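Survey of secondary and tertiary structure
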Amino acid sequence: MKTLLAGNEAIARGAWEAGVTFASGYPGTPSTEILENFVRYPHVYAEWAPNEKVALDAAIGAAYAGQRSLATMKHVGLNVAADAFYYVSMTGTEAGLVIISADDPQMHSSQNEQDNRNFARFARVPCLDPSDSQEAKDMIVAAYNLSEQFDTPVMVRPTTRISHSFTQVEMGERVEHPSPIKRFPRNPQKYVMVPANARPRHQFIEERLKKLEAFAETFPGNRVEWRDLDLGIVTNGIAYQYAREVFPEASILKLGMSFPIPIQMVADFARRVQQLVVLEELDPFIENLIRLAGISVKGKSIFPLCGEFSPNIVRECGIKAGLLPPEATLPRVDLPELPSLPARPPVLCPGCPHRSTFWAVKKMHLPVNGDIGCYTLGVVPPLSTIDTTGCMGASIGVAHGASKARGKKHIAVIGDSTFFHTGIPALVNVAYNHSQVITIIMDNRVTAMTGDQPNPGTGKTLQGNKTVAIDIAAVVKAIGIKHVAEVDAYDEKALETTLKAFKKLEEPSVIIAKRPCALLPEVRKTYEPLHINPERCDGCGVCLQTGCPALHHSIEIHEASGRTKVEIDPLLCTGCELCAQVCPQKAISFRTQTDQQSYYPQL
Amino acid sequence: MKQRINFLLAGVGGQGVLTASNILSAVGLAVGYDVKKSEVHGMSQRGGNVTSHVRWGEKVYAPLIGGGEVDFLMAFEAVESLRYLEMLRPEATIIADNHQIIPITVTDGAASYPSQEAIDSWLRQVTPHVFWVPGMAIAEKMGNARVANIVLLGFLAALLRMPDDVWHNALVRWVPKKVLALNEEALAAGRALNKAPAE
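Residues numbered from 1 in each chain as written. Chains lettered and ligands numbered in written order. Predicted model: local features only at pLDDT ≥ 70, side-chain atom pairs only at ≥ 80, totals over all residues. Heavy atoms only, no water.

**Re the overall build of chain A**
Per the secondary structure count, chain A includes 22 helices and 20 strands. With the principal axes as the frame, chain A shows a C-alpha extent of 80 × 70 × 50 Å. A burial count over chain A gives 59% of its 603 residues as buried. Of the contacts formed within chain A by residues at least 6 apart in sequence, a portion of 73% connects residues at least 24 apart. Only carbon and sulfur atoms are counted for the fraction: they give 55% of the accessible area of chain A, which is about 24300 Å². (Helix = DSSP H or I, 4+ residues; strand = E, 2+ residues; numbered from the N terminus. Buried < 20%, exposed > 50% of the residue type's maximum accessible area, 1.4 Å probe, protein only. Contact = heavy atoms within 4.5 Å. Areas by Shrake-Rupley, 256 points an atom, 1.4 Å probe, with all protein chains shown as cover.)

**Some points on the nonpolar core**
Residue and element names in this part refer to chain A. With 58 residues, the main nonpolar core has Ile 411, Phe 419, Ile 440 and Leu 499 as its most contacted residues. The dominant element in this core, judged by the number of residues it contributes, is helix 17 (residues 416–432), at 6 residues. When residues of this core are assigned to domains, at least three map to each of domain 3 (353–524) and domain 4 (543–599). Not counting residues within four places of it along the chain, the set of residues in contact with Leu 499 comprises Ala 360, Val 361, Met 364, Ile 411, Ile 438, Ile 440 and Ile 511. (Core = buried A, V, L, I, M, F, W, Y, C linked by side-chain atoms within 4.5 Å. Domains from an automatic or database assignment.)

**So, the pairing of strand 10 (residues 228–235) of chain A**
Residue and element names in this part refer to chain A. Pairing geometry for strand 10 and strand 11 (residues 250–255), over 5 bridges, is parallel. Directly across from Thr 235, in strand 11, lies its bridge partner Lys 254. As a crossover connection, the stretch from strand 10 through helix 11 (residues 237–246) into strand 11 is right-handed. Direction of pairing for strand 10 relative to strand 13 (residues 275–279): parallel, over a ladder of 5 bridges. Within strand 13, the position partnered with Val 234 by the bridge is Val 278. (Pairing = 2+ DSSP bridges. Right-handed = clockwise from strand over helix to strand, strands pointing away.)

**Quick word on the sheet that holds strand 14 (residues 368–369) of chain A**
Residues and elements named next belong to chain A. Here 5 strands make up an open sheet; going across it, the order is 14-15-16-18-17 and the pairing parallel. Strands with a single pairing partner mark the edges of an open sheet, and in this sheet they are strand 14 and strand 17 (483–488). Where strand 17 lies against strand 18 (residues 509–514), 6 bridges are found, and the strand directions are parallel. Bridge pairing in strand 18 places His 483 opposite Ser 509. This element, helix 15 (residues 353–362), spans strand 14, strand 15 (410–415), strand 16 (437–443) and strand 18 of the sheet and lies at about 165° to strand 16. Running at roughly 175° to strand 15, helix 16 (residues 394–406) makes contact with strand 14, strand 15 and strand 16 of the sheet. (Axes fitted to C-alpha atoms, helices over the stretch in contact; angles between N-to-C directions.)

**Re the interface of chain B and chain A**
It is common to give the size of an interface as the accessible area lost on bringing the parts into contact. With 53 residues of chain B at the contact, the number on the chain A side is 52 residues. In total, chain B and chain A occlude about 4700 Å² of area from one another, counting both sides; carbon and sulfur atoms represent 62% of this. In this structure, the connection of chain B to chain A is made through 4 salt bridges. We note a salt bridge from Arg344(A) to Glu77(B), for which the minimum N-O separation is 3.0 Å. Counting across the chain B and chain A interface gives 17 residue pairs in polar contact (both at pLDDT 80 or more). Listing elements by their share of the side of chain B that touches chain A, those giving two or more residues are strand 1 (4–12), helix 1 (17–30), strand 2 (34–40), strand 3 (49–57), strand 5 (88–96), helix 2 (104–107) and helix 3 (116–126) of chain B. In terms of residue count, strand 2 of chain B provides more of the side of chain B that touches chain A than any other element does, 7 residues in total. (Buried area = accessible area lost by both parts, 1.4 Å probe. Salt bridge = Lys/Arg side-chain N within 4 Å of Asp/Glu carboxyl O. Polar contact = N/O pair within 3.5 Å; in protein donor to acceptor, adjacent residues only side chain to side chain.)

**What about the pattern of salt bridges?**
One pass over the full model with this rule turns up 39 salt bridges over all chains. A cluster of three or more residues bridged by salt bridges with shared partners is formed by Asp103(A), Asp115(A), Arg117(A), Asp129(A), Arg157(A) and Glu280(A).

**A few points about empty space enclosed by the protein**
Residues and elements named next belong to chain A. Counted by the stated rule, this structure contains 6 cavities of 30 Å³ or more. Estimated volume of the largest cavity: approximately 100 Å³. Looking at the largest cavity, it is lined by 16 residues, and the ones nearest its centre are Cys 548, Ala 550, Cys 573, Cys 576 and Cys 579. Looking at side-chain class alone, the lining of the largest cavity contains 10 nonpolar, 4 polar and 2 charged residues. (1 Å grid on protein atoms, 1.4 Å probe; cavity = no way out; pocket = protein on both sides within 12 Å on 5 of 7 lines; lining within 4 Å. Points joined across faces, edges and corners; volume = space filled by probe spheres on them. Nonpolar A, V, L, I, M, F, W, Y, C, P; charged D, E, K, R; others polar.)

**Some details on the domain arrangement of chain A**
Residues and elements named next belong to chain A. When the domains of chain A are assigned, the result is domain 1 (2–216), domain 2 (222–327), domain 3 (353–524) and domain 4 (543–599). Both sides of the domain 1 and domain 3 interface together cover about 1200 Å² of buried area, and 60% of this is carbon and sulfur. If you sort the residues of domain 1 by the area they bury against domain 3, Tyr 26, Trp 48 and Gln 111 come out on top, with a joint share of 37%. Put simply, domain 1 and domain 3 have 0 salt bridges between them. For the pair domain 1 and domain 3, the number of links is 5 residue pairs in polar contact (both at pLDDT 80 or more). Among the secondary structure elements, those contributing two or more residues to the side of domain 1 that touches domain 3 are helix 2 (33–38) and strand 3 (45–48). No other element matches strand 3, which puts 4 residues into the side of domain 1 that touches domain 3.

**Considering the packing of aromatic side chains**
What the rule picks out here adds up to 17 aromatic pairs over all chains. On the numbers, 5.4 Å between centres and 20° between planes, the contact of Phe7(B) with Phe72(B) is stacked. In this pair, Phe7(B) sits in strand 1 while Phe72(B) sits in strand 4 (residues 70–75), placing the two residues 65 residues apart along the sequence. Taking the relative accessible area as the measure of exposure, Phe7(B) reaches 0% and is therefore buried. With relative accessibility at 10%, the residue Phe72(B) sits in the buried group. Taken together, Phe85(A), Tyr86(A), Phe119(A) and Phe122(A) form an aromatic cluster joined through their ring pairs. For the cation-ring pair, Arg272(A) lies above Trp226(A), with the distance from its terminal atom to the ring centre recorded as 4.1 Å. (Phe/Tyr/Trp six-rings, centres within 6.5 Å; stacked < 30°, edge-to-face > 60°. Lys NZ or Arg CZ within 6 Å of the ring centre and 35° of its normal.)

**Remarks on the sheet that holds strand 11 of chain A**
Residue and element names in this part refer to chain A. Read across the sheet, 4 strands follow the order 9-11-10-13 without closing on themselves; strand pairing throughout is mixed. Strands at the two margins of the open sheet, each flanked by one partner only, are strand 9 (222–225) and strand 13. Taken over all neighbouring pairs, the strand axes of this sheet differ in orientation by 20° on average, direction set aside. Sheet topology note: the strand 9/strand 11 ladder contains 4 bridges and is antiparallel. Paired with Asn 222 across the bridge in strand 11 is Leu 255. The strands that helix 13 (residues 285–292) touches are strand 10, strand 11 and strand 13; relative to strand 13, the one it contacts most, it runs at about 140°.

Written out as C-alpha cells, the structure reads:
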C-alpha cells in the first residue's frame, strides 16, 4: 500500500526504517519537518540543538557510541557545521552517520543559493540526491549501509522541491541496528585528531574516496535508462523528473550519487549517445567532474546556473539549444493585457511583537544590523528599518565592527533562537571589546520563522517535554553587559524610553523585547480585535505606517481633510494595540475600552 | 479516465489552499491515478500568496506543472485568479471565488485592486470556461469562513463527475472530526451550485 508523503516525511521514515536511534538538528527551511516527523516514531530520540554545529557534534557522538544517528539542517546550516563535517569525515564513526543538507535552489526562504555538493567533494564525503519521496526514503537506508561499509559520514541532499513535494511511497519495516560496540571506543589514532594521528587519516580519506569511486560504478542508485541515442542526459535529483517530463525519448543516466560520480559509467554512456548533456540545478558540479575526465559535455551553456528549474525552463532551454524541435512548444493561451497586479509581499503578521519593536527602533535614527528570522521583514516598507542581514548571528558581530570602525552607535536586532544559535559569542565580543552596540533580543518565545519550534529559551523540548528555560537576561548579565532591560514588546512607549536612555550611554547595552509570537496557539485564544471610531479618525494614516495587514482604508472620507479614513479588519486584528498607541487622534480603542458586541463579526 | 489532469490552486495564506490540495490529492489516489503535489509558498506569513500544484496521471514525473498545462485553475481569492494565467492550457477551466483579500500594497497606496468586472473580462479572454463560485459568501452564511475552500472543491467535484464516496473519504482523511459535518455541507453546497452553473 502506497502513501503520499512529503520528501521530508519520507526522509524521517527512512531514518526510522534504517534503525536510527539518535537525531539532532536545527530548524531551517526546507529541512525542518524531518525531525518533527522523526520524533513521532517509537524507540527514537530526537532533539533541536541550539545550532547546526552542535547538532552535528551530537550526532557524531552518538555515532561514535555505536548508534545509527542523523543530523538535519538546511544548506547554510552546513556552513555552521562545516568544522564538524570535516573532522568526522577524517575520523569516521562506529555506526552509520547521515547528514541531511536540504538545499534551497530559488532561495524560497534563504539568504543564498549555495550548492552543497561542493561540501561533499571538499570533505571527501559521498553525496546522495533523491529525486522523489520514495528515493528519499530508500536512499536514507542505503546511506547508512554506505556509511558503515566505508567508515564515512554520508550526505543526503534533498532540495526544497524534493523536501516539500508529495509523492507516493511504499513503506518498509524498521530494522534495528544495536550498537556494535560494548564500551565507548578508545582508539586515539582514529578519534583524536592531533596532527600525528590526522596525517594518516588524511591518507585514509583519500584512499576511501578511491574505493567510493569504484563503488559508485555499481551503486544501484546510478542507472542508465536507454531510449533514443540521439540525446543522452546525465541528471540528478529533481532535474531527473524534468528530464523525463520534457525529453521523454532521451536516454538518461540518472545519478543517485552525485559525488563521487561513476566516471566509467558516464564514459560508456557518452560513447553510445550522439550528444551528451548534463541537466542539474545550480552549479555545473557533475558537468565539471565529467569534463575533468576529458569527456566532452554541455550543461550550463544550455540550462540556467541560478534558480530552481521547472518543466517550463527546461523545455524552453531545450528548444533554444536545439535539443527539442521548435514544435515541442506547448500551445499557450492568449494572455490579455493585464495591469500590474497588486503584490502580496511577505509581511509581519498582525499582532507581531516585532512590529512595535521596529516602530520604536525606527525613531532612534541609528543604523540597524539585522539577523535571520521573521524579523528580517523589518526591512519591508513602511517599517524599512533594517540596514544589513547576512547570516545567523551576524547582527551583533556586524554591529560591533561597524560601531568600532565609525566610533558611533549601532543597533543589532536578533531573535531569541538566533541569539542562542550564534548570537552569544558575538555579544561576548561586544562586552569583552566594549563597543557601543545596543542589542535588542526580540524574544517571542519560539523559533517562529520555521513554524514554531521550541528552543532553549522556551522550556520545552522537541518531544514537548518540560525542560529548563534559559534566562536570557541572566546570560546577558553574566557576559558582562551592565545595562540590561526587559521590556514588553507591545509597550511602544517603554521601548522608546529605554532606547532613548541607552542611546545616551557610552557602553554596550541590551534590551530584551519580550512578547510571545502572535501565532502561538495560547496567544490566538487571547485575540480581541480593536476598532476605529470613524467620528475621530481623520485619515492621517499614521497607523498605516506600522504596516499592519489588519489596517486598511475604508470607503469613508474625512470631510475637512478630504483624506480616506482607516478601518480595522476584525478577522485579522489580534488586538496588539500598537495602532492605538500611535494614533494621534486617539481614534482606536484599547482593549479595555472596547465594546465587543458592537464590532465582532457575526459568527 | 483522462490520461492526465493538472490542477493549480491559488490563494492567500490562511485560506486553506494546502488543505484543499491535500483533499484533491487523496481523491486522485482513490480513483487510481498516480499523484504528485507541490506547494510554492516561500516566506509566506499570513497575507502572502500561496499556490499548490496537484497532478493526476497514469505516471507523473515533475511535481510542478509546466506552462500551458494547467487544466483547472482554482482561485480562492479574486485577484489571485489572474496571477498564473500563462500556466493555463487553452480551453482550461477556471473556478474562482469573487471574495477579495486586499493586499498590503493596495492599503499603502502602492497598487490598486482591479474591479470584479475587469477580472471577469480578462479571465474570459483566456478561456470561455470561467465559473465564479461565491465560496466565501456561502461559507460565511454557514457560519465558518474556513470552509470556503471546500465549497469550491464541491463545485469541482460536480464538474469532474466522480463518485461521492471518494470525496467523502478524502474529507474524513483531511479535516478535523468536529468540523467534518460542516465540511460535508460545504462540499454539497458547492456541488449544488454546479447544477445551474453561472458560466
